[in-house]
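Observations on the three-dimensional arrangement
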Amino acid sequence: MTTHIRRAAVAALLLGVSAVAVRADVMAPTTPPDAPKFDAQGSPVFVNRSDIFEYKALLAYNEPAWVTAFVTAGKLPPVADRLPKEPLVYKTANEPDGTGVYGDVMRHVIGGRPEGWNFWAGQSYGWGGIDIGLVECLTRTGPLFEVNPTDLQPLPNLAKAWEWSEDGKVLTVHLIEGAKWSDGAPFNTADTEFYYNDIVKDPDVTPLMGASVDTYAGGVYANVDDYTFTLTFPTAFPESVLYNMAYGNFCPGPSHLLKPQHPKYGGKDYESFQKAFPADYMNFPTMGGWTVVEHRPDDIVVLRRNPYYWKVDEAGNQLPYLDEMQYRLSTWGDRDVQAVAGTGDFSNLEQAENYVESLKKAADPASPAKLAFGPRTIGYSLLPNLSGNGWGEPTADQQAIRDLNRNLDFRMAISYALDRQRLGDSLVKGPFTAIYPGGLYDGTSYYDKASTVYYPFSVDSAKAELEKAGLTDTDGNGFVNVKGGADLNVTLVTQSDYATDKNLAEGVVAMMADVGVKVSLSALTGKDFDNARDAGKFDWIVVRNGTELITVVQNTAQLAPTGPTTSNHHRANGKGELDLLDWEKAEVDTVTKFIGSRDPAERVALMKTYQNLYTTNLDGIGLTAYPGALIINKRFANIPAGAPIFMYNWAEDNIIRERVFVPTDKQIGAELHPNMLPGKPGDPGPIAAN
Ligand code: GLA
């Protein structure tokens, strides 16, 4: 229960002691209230990883008839020669609707824009799952939402197997043998070696998701042969690296194209390397199910099936089933609208403002789309910049805010000032949003309510904490002043491509004004937002949280500033120095122990400690958490039950799109390049058989 600690203040008054010297009128922290009940619709059928697929040679393979026409015309080797020795074979028993048929298209709508195809030098493809369809990684985690907890480990993918040395310091990874890039070039350890040694390890290259040697526990890479490599670590069994080999990180690029552009191998310079494959470069080789064949800026990106894709079904049909993927370049809000209307096929319903309208439309039996809510895993936090030693090169005024950010009283004031109930209700009324104090989410496996500390809404407490932090309104204009000076004025950076981010940030600004803290909003679009965040150019920032706060086992190192760049709001300065506060050191220590521990009970205990450190000290200040819904057109088959829009990864990975199909009688004939395949890298577009 929430109680006021007024007694000390009252006693102080009675004794005539200055009330300032004691803890004045501050609400005691508590545990968060229980979230409104909201049942996920459809629960997964839990299986072991080996139930989903295996690697094996089949007697014969099939392809769409129109692809055979390319073989007949001498433009493509026979399908058996395009596949690896032992392709990845999806098991029929795990396919919700069984063996599929070829054809049709999935029409996506996205708010992002492709910058270019050098993902490895930090270029974004525009999100919304374009990259997930193009880039494949050594392991895979999206489908783990349906894996039995007792079998929880990343799924093999481009890495078909791995083993640890007895002392746990050497990880040997076996790649799938004989798989090919979409242009027919071999995929092998030349690609993984280039990725690790010349991307991850090169300080002048930052891959899109920021992988560094820390992501791989300081591993040292060595090739054994064409399909085997080792990573050698300073510590034993850093098993989290296997999760960090999944989406976003260890997803090698085509070294046959990238390497000659890299400055170390004759490329001009790093900027030219980054820009060597601009967004109008077509047919950039992929290991994914599809390859980009057309891009009309601000209009559409079209992907056609990769004729060398290395996955098949048990009947020997080369995947994917869907011949084309389209990405309309619009807004994220439009993705919801179009998916519900049936002019788009897919959306992660994640902007709570659109819930009521979408639900209403989807409830109509004639609705073209199915909408299913999942667990409450969409969450937002307000992150104070905790660097006190120069990250982001603050001005003197900004430095004064950094010093405040590093003061717990100030962070407590922020939390007390936030009416999280109202913040959630301002997005959508109903049982969706929950009060989120920060840290691990309620309802996830490592969450522990008793270890969670919540500083509830209380204007008086916020004001008292501000005073303790040395902030009072000295000029009587309603806003607190920095010692002996002007109004404190905090800049809050937010992403403006999503209505939700902006609405939440605006709510924060208003609530902070109510307690006398002036906050100015800086709303930035996509890449500008990412750049500001990654460069530390903010006082406070509102972010949609990552997967680590849901699963813990994924991106674990990002739970705390365990390395120079792992945290979103506390990174090292230009000299590589991290000025951690004592409780941050304790957090880092806890997370590091978790990464190094193979004992489930110890891991549970460590996450309780982590949650307590995080929420007591308000590492990040939670705002709201709510469930997302997958909206998908009813014509699609093989959509697994209970696929969450965000857990280990986004739904575009979770639903295993290469296995998704449309029954022949439901196909809509909307392909823009029917019967065409990707052409040569750099050539203008797709090609026909004749
Ligand atoms: C964006 C969208 C998400 C999801 C991801 C996939 O972040 O907001 O819903 O589609 O892209 O990368």
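Residues take numbers from 1 onward in each chain, read along the sequence in its written order. This being a predicted model, a pLDDT of at least 70 is required before a residue's local features are given, and a value of 80 or more before pairs of side-chain atoms are given or counted; all residues contribute to the totals for chains, interfaces and linings. Excluded from the side-chain calculations are hydrogens and water; all other atoms, namely the structure's heavy atoms, are used.

1. What to know about the nonpolar core
One recurring pattern in soluble globular proteins is that nonpolar side chains are buried together. As used here, the term nonpolar core means buried Ala, Val, Leu, Ile, Met, Phe, Trp, Tyr and Cys residues forming a set that is joined through side-chain atoms within 4.5 Å. The rule is simple: take the accessible area with a 1.4 Å probe, protein chains only, and divide by the maximum for that residue type; under 20% is buried, over 50% is exposed, in between is partly exposed. With 174 residues, the main nonpolar core has Val-517 and Trp-540 as its most contacted residues. The dominant element in this core, judged by the number of residues it contributes, is helix H12 (residues 408–417), at six residues. Taken domain by domain, this core gets at least three of its residues from each of domain 1 (49–350 + 630–666) and domain 2 (380–626). Secondary structure elements are defined from DSSP: runs of H or I of at least 4 residues count as helices, runs of E of at least 2 residues count as strands, and each element is numbered from the N terminus. Domains are outlined according to an automatic or database domain assignment.

2. Considerations on the site of the ligand
Whether a residue is near a molecule or strand is decided by its heavy atoms; if any one of them lies within 4 Å of it, the residue is near. Taken together, Trp-127, Gly-128, Gly-129, Trp-332, Arg-335, Asn-348, Glu-350, Tyr-498, Arg-544, Trp-650 and Glu-652 are the residues near the ligand. Whenever two N or O atoms come within 3.5 Å, that pair is a polar contact, provided that in protein one can donate a hydrogen and the other can accept it, and provided that, for residues adjacent in sequence, both atoms are side-chain atoms. Interatomic distance of 2.8 Å between a side-chain N/O atom of Arg-335 and an oxygen atom of the ligand. Separating an oxygen atom of the ligand from a side-chain N or O atom of Arg-544 is a distance of 2.7 Å. When grouped by side-chain class, the residues that make up the shell around the ligand number four nonpolar, three polar and four charged. Only Asp, Glu, Lys and Arg are considered charged in this grouping, and only Ala, Val, Leu, Ile, Met, Phe, Trp, Tyr, Cys and Pro are considered nonpolar; every other residue, Gly among them, is considered polar.

3. Observations concerning the packing of aromatic side chains
Think of it this way: a Phe, Tyr or Trp ring, Trp meaning its six-membered ring, pairs with another when their centres are within 6.5 Å, and the plane angle makes it stacked under 30 degrees, edge-to-face over 60, tilted otherwise. Following the criterion strictly, the structure yields 38 aromatic pairs and no others. These aromatic residues form a ring-pair network of at least three members: Trp-117, Phe-119, Trp-120, Tyr-125, Phe-277, Tyr-281 and Phe-284. Seen from the ring of Tyr-265, Lys-259 lies directly overhead, with NZ or CZ sitting 4.6 Å from the centre. Two conditions define a charge sitting above a ring: the NZ of Lys or the CZ of Arg must be within 6 Å of the ring centre, and it must be within 35 degrees of the ring normal. One Lys or Arg, Arg-659, reaches over the ring of Tyr-90 and ends 5.4 Å from the middle of that ring.

4. Observations regarding the state of the cysteines
We call a pair of cysteine sulfur atoms a disulfide whenever their separation is within 2.5 Å. What the rule picks out here adds up to one disulfide. With a sulfur-sulfur separation of 2.2 Å, Cys-137 is cross-linked through a disulfide to Cys-251. The sign of the 85° torsion about the S-S bond sets the Cys-137-Cys-251 disulfide as right-handed. Remark: Cys-251 occurs in the loop between helix H6 (240–243) and helix H7 (255–258) and Cys-137 occurs in the loop between helix H4 (130–134) and strand S6 (139–140); sequence separation between them is 114 residues. In this structure, Cys-137 and Cys-251 share a single accessibility class: buried.

5. Looking at the side chain of Ser-461
Tracing the chain through its elements places Ser-461 in helix H14 (residues 459–468). Overall, Ser-461 belongs to the buried group, its relative accessible area being 0%. A distance of 2.5 Å separates the side chain of Ser-461 from the side chain of Ser-458, its partner in a polar contact. Setting aside residues no more than four positions away along its own chain, Ser-461 makes contact with Asp-25, Val-26, Met-27 and Tyr-416. Any pair of residues with heavy atoms lying within 4.5 Å of one another is described as a contacting pair.

6. Observations concerning the packing of H12 against H14
Between H12 and H14, the shortest axis-to-axis distance is 8 Å and the interhelical angle comes to 165°. One way to sum up the angle between H12 and H14 is to call them roughly antiparallel. Here H12 and H14 pass one another in a crossing that is left-handed. Taken together, the residues of H14 that come into contact with H12 (itself represented by Asp-409, Phe-410, Met-412, Ala-413, Tyr-416 and Ala-417) are Val-459, Ser-461, Ala-462, Glu-465, Leu-466 and Lys-468. Lines fitted to C-alpha atoms define the axes here, with helix axes fitted over just the stretch in contact, and angles between the N-to-C directions of these axes take values from 0 to 180 degrees. Each angle is binned into one of four classes, with values under 35 degrees roughly parallel, values over 145 roughly antiparallel, values of 65 to 115 roughly perpendicular, and all other values oblique. When the near helix sits turned anticlockwise from the far one by under a right angle, the crossing is termed left-handed; a clockwise turn instead gives a right-handed crossing.

7. Description of the domain arrangement of the protein chain
When cut into domains, the protein chain gives domain 1 (49–350 + 630–666) and domain 2 (380–626). Each of domain 1 and domain 2 has a C-alpha centre, and the two are 33 Å apart. Facing 18 residues of domain 1, the contacting portion of domain 2 comprises 19 residues. The term buried area means the drop in 1.4 Å probe accessible area that two parts suffer when joined, counted for both and summed. Both sides of the domain 1 and domain 2 interface together cover about 1,800 Å² of buried area, and 48% of this is carbon and sulfur. When residues of domain 1 are sorted by the area they lose upon contact with domain 2, Trp-332, Glu-350 and Phe-646 head the list and together hold 26% of the total. The salt bridge criterion pairs a side-chain nitrogen of Lys or Arg with a carboxyl oxygen of Asp or Glu, the two atoms within 4 Å. Summed over the shared surface of domain 1 and domain 2, the number is three salt bridges.

8. A word on empty space enclosed by the protein
Site definitions follow a grid-based scheme: protein atoms alone, a 1 Å grid, a 1.4 Å probe that fits but cannot get out for cavities, and for pockets an open set with protein on both sides within 12 Å along at least five of seven lines, plus lining residues having an atom within 4 Å of a point. Grid points are joined across faces, edges and corners, and a volume is the space filled by probe spheres set on the points. By the definition in use, this model includes four cavities of 30 Å³ or more. For the largest cavity, the calculated volume is near 170 Å³. For the largest cavity, the lining is made up of 19 residues, of which Ile-132, Val-135, Glu-136, Arg-140 and Asp-653 are closest to its centre. For the lining of the largest cavity, the secondary structure elements donating two or more residues are H4, S6 and helix H20 (651–654). Taken together, the residues of the lining of the largest cavity sort by class into six nonpolar, six polar and seven charged. Its boundaries defined by the atoms lining it, the second largest cavity holds a volume of some 60 Å³. Around the second largest cavity sit Trp-117, Trp-120, Tyr-125, Leu-134, Val-135, Phe-284, Pro-285, Thr-286 and Val-292, which together line it. Per-class residue counts for the lining of the second largest cavity are eight nonpolar, one polar and no charged.

9. A short note on the pairing of strand S21 (residues 518–524)
Strands qualify as paired when DSSP identifies two bridges or more between them. Sheet topology note: the strand S20 (residues 489–495)/S21 ladder contains seven bridges and is parallel. Directly across from Val-493, in S21, lies its bridge partner Ser-522. Viewed with both strands pointing away, a crossover whose connecting path from the first strand over the helix to the second turns clockwise is right-handed. As for the winding sense of the linkage, the β-α-β connection from S20 through helix H15 (residues 499–514) to S21 is right-handed.

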